[in-house]
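# Residue-level structural notes
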Amino acid sequence: MRFFKIIFWVLWRIWFYIMMGLPIIVMFPFLVISILKEKWYPYFFVMARIWAKCILYGTGFYYKVEREEVLPVGKSYMFVANHTSMTDIMLMLAMVRHPFVFVGKKELSKIPLFGFFYKRTCILVDRSSSKSRMAVFERAQKRLNQGLSVCIFPEGGVPDDESIILDEFKDGAFRLAIEHQIPIVPLTFADNKERFSYTFLSGSPGIMRVKFHKAIPTQGKTLNDKKEVKDAVRTVIYHQLLKFGK
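Residues numbered from 1 in each chain as written. Predicted model: local features only at pLDDT ≥ 70, side-chain atom pairs only at ≥ 80, totals over all residues. Heavy atoms only, no water.

## Quick notes on the environment of glutamate 68
Let me state the cut-off plainly: In this text, helices come from DSSP runs of H or I with a minimum length of four residues, and strands from runs of E with a minimum of two, each type numbered from the N-terminal end. By the convention used here, residues are in contact when the closest approach between their heavy atoms is within 4.5 Å. Pairs of N or O atoms are called polar contacts if they sit within 3.5 Å, as long as, within protein, a hydrogen donor faces a hydrogen acceptor (for residues adjacent in sequence, only side-chain-to-side-chain pairs).
Tracing the backbone through its elements, the reader meets glutamate 68 in the loop between strand 1 (61–67) and strand 2 (78–81). The spacing of glutamate 68 and isoleucine 24 is 44 residues in sequence and 33 Å in space, taken between C-alpha atoms. Setting aside chain neighbours within four positions, we find glutamate 68 in contact with Lys211, Phe212, His213 and Lys214. A distance of 2.9 Å separates a polar atom in the side chain of glutamate 68 from the backbone nitrogen of lysine 214.

## Some words on the layout of surface pockets
We count it as follows: Only protein atoms enter the 1 Å grid used here, on which a cavity is any set of points holding a 1.4 Å probe that cannot leave and a pocket is any open set flanked by protein within 12 Å on both sides along at least five of seven lines; residues with an atom within 4 Å of a point are listed as lining. Grid points are joined across faces, edges and corners, and a volume is the space filled by probe spheres set on the points. Asp, Glu, Lys and Arg are counted as charged, while Ala, Val, Leu, Ile, Met, Phe, Trp, Tyr, Cys and Pro are counted as nonpolar; the rest, among them Gly, fall into the polar class.
When its volume is computed, the second largest pocket comes out at roughly 360 Å³. Lining of the second largest pocket is provided by 22 residues; of these, Thr84, Glu162, Ile164, Ile165 and Lys193 occupy positions nearest its centre. Sort the elements by how many residues they give to the lining of the second largest pocket and helix 7 (residues 192–195) lands first, with 3 residues. Across the lining of the second largest pocket, the residue classes break down as 8 nonpolar, 7 polar and 7 charged.

## Side note on the packing of helix 1 (residues 2–34) against helix 2 (residues 41–58)
For clarity, the threshold we go by: To define axes, lines are fitted to C-alpha atoms, for helices over the stretch in contact only, and angles between the resulting N-to-C directions are given on a 0 to 180 degree scale. Roughly parallel covers angles under 35 degrees, roughly antiparallel covers those over 145, roughly perpendicular covers 65 to 115, and oblique covers all other angles. By the definition used in this description, the sense in which the near helix is turned from the far one sets the handedness, with an anticlockwise turn below a right angle giving left-handed and a clockwise turn giving right-handed.
Between helix 1 and helix 2, the shortest axis-to-axis distance is 9 Å and the interhelical angle comes to 160°. Classified by the interaxial angle, the pair formed by helix 1 and helix 2 is roughly antiparallel. For the crossing formed where helix 1 meets helix 2, the hand is right-handed. Residues Trp15, Phe16, Met19, Met20, Pro23, Ile24, Met27, Phe30, Leu31 and Ser34 of helix 1 pack against Tyr41, Tyr43, Phe44, Met47, Ile50, Trp51, Cys54, Ile55 and Gly58 of helix 2. Taken together, the residues of the contact of helix 1 with helix 2 break down into 17 nonpolar, 2 polar and no charged.

## Focus on the environment of isoleucine 178
Turning to its location among the elements, isoleucine 178 is positioned in helix 6 (residues 172–180). For the pair formed by isoleucine 178 and leucine 223, sequence separation is 45 residues and the distance between their alpha carbons is 6.6 Å. Those residues within four positions of isoleucine 178 in sequence are excluded, and the remaining contacts are Thr218, Lys221, Thr222, Leu223, Asp225, Lys226 and Val229.

## Describing the sheet that holds strand 7 (residues 206–212)
For clarity, the cut-off: Should DSSP find at least two bridges between two strands, the strands are taken to pair.
What the 7 strands build is an open sheet, ordered 1-7-6-2-5-3-4; its pairing is mixed. With partners counted over all chains shown, the strands left at the sheet margins are strand 1 and strand 4 (123–125), one partner each. Taken over all neighbouring pairs, the strand axes of this sheet differ in orientation by 25° on average, direction set aside. Here 3 bridges tie strand 3 (residues 100–105) to strand 4, and the two strands are oriented parallel to one another. In the sheet register, valine 103 faces strand 4, and the bridge partner there is isoleucine 123.

## Focus on the packing of helix 6 against helix 8 (residues 226–243)
It is the contact of helix 6 with helix 8, at a shortest axis distance of 9 Å, that shows an interaxial angle of 120°. Overall, the two elements helix 6 and helix 8 adopt an arrangement that is oblique. Helix-helix and strand crossings are classified by hand; for helix 6 and helix 8 the assignment is right-handed. Where helix 6 approaches helix 8, its residues Phe174, Arg175 and Ile178 are matched on the opposing element by Lys226, Val229, Lys230 and Val233. The class makeup of the residues in the contact of helix 6 with helix 8 is 4 nonpolar, no polar and 3 charged.

## Details of the packing of aromatic side chains
Stated formally: In this scheme Phe, Tyr and Trp rings, the latter by its six-membered ring, pair at centre separations within 6.5 Å, and the angle between planes marks the pair as stacked below 30 degrees, edge-to-face above 60, and tilted otherwise. Burial here depends on accessible area, computed with a 1.4 Å probe over protein chains only, as a share of the maximum for the residue type. Under 20% is buried, over 50% is exposed, and the range in between is partly exposed.
The tally for this structure, following the rule as stated, stands at 22 aromatic pairs. Pairing phenylalanine 3 with phenylalanine 4 gives two aromatic rings, centres 5.6 Å apart and planes at 75°, and the pair type is edge-to-face. Relative accessible area serves as the criterion here: at 55%, phenylalanine 3 is assigned to the exposed category. One aromatic cluster in this structure is built from Phe28, Tyr41, Phe44, Phe45, Tyr77, Phe79, Phe100, Phe102, Phe116, Phe117 and Phe153.

## Here's the deal with the pairing of strand 5 (residues 149–152)
Of the two faces of strand 5, the one lined by Ser149 and Cys151 and the one lined by Val150 and Ile152 are each fully buried. Pairing geometry for strand 2 and strand 5, over 3 bridges, is parallel. Across the sheet, the residue bridging to valine 80 is isoleucine 152, located in strand 5. Bridge count for strand 3 against strand 5 is 4 bridges, and the pairing is parallel.

Below is the structure:
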């Protein structure tokens, strides 16, 4: 039985990466055109959402979402979620209709095809470089000034310790949100780690539950309130993970 599981995992993982590349190849000319000018980013974002849904459905994932509110259009937000899987990127794109820009680790830019567009549309950060971290704020501020939203996984990466339900949050997302006085929208992903973890011989098709929480306002907050806001957001996600049985 273990032998057949290994065969399934290997073939299924290969299929996942095929699904990552296939929609990009099909949409390649349109994707390239959409990144030629920054003001065309919303068109790229639409295609990125199609790409994400193709991967999720094509790999056998389906999502069940509960929304506490419907976000008004025409506003910028800071979207944050717990981080346990590569599929967090796809699920975030599938869930959020407001055009946003990811802030993510530069290592992902090395993935063939995906990396070509990733490094041209996302805000990359080298966590070992303080200069890189400062550049993130400048680029994020520029994007927010253009009317876009930003998405950050505030744990800063996937926790190394398997027993950690939710790691401590970094300050970046909350500092940006307060400086720009934009609401923070927490999302809780329940099943991504079980469905598709970073352990190669693991995972399976199935449901991905998502809780889309109410926006947490930052209007009137200052950087002195950063820890309070950060703790409030983390508490929302943490308690929801406990409700999901994590």
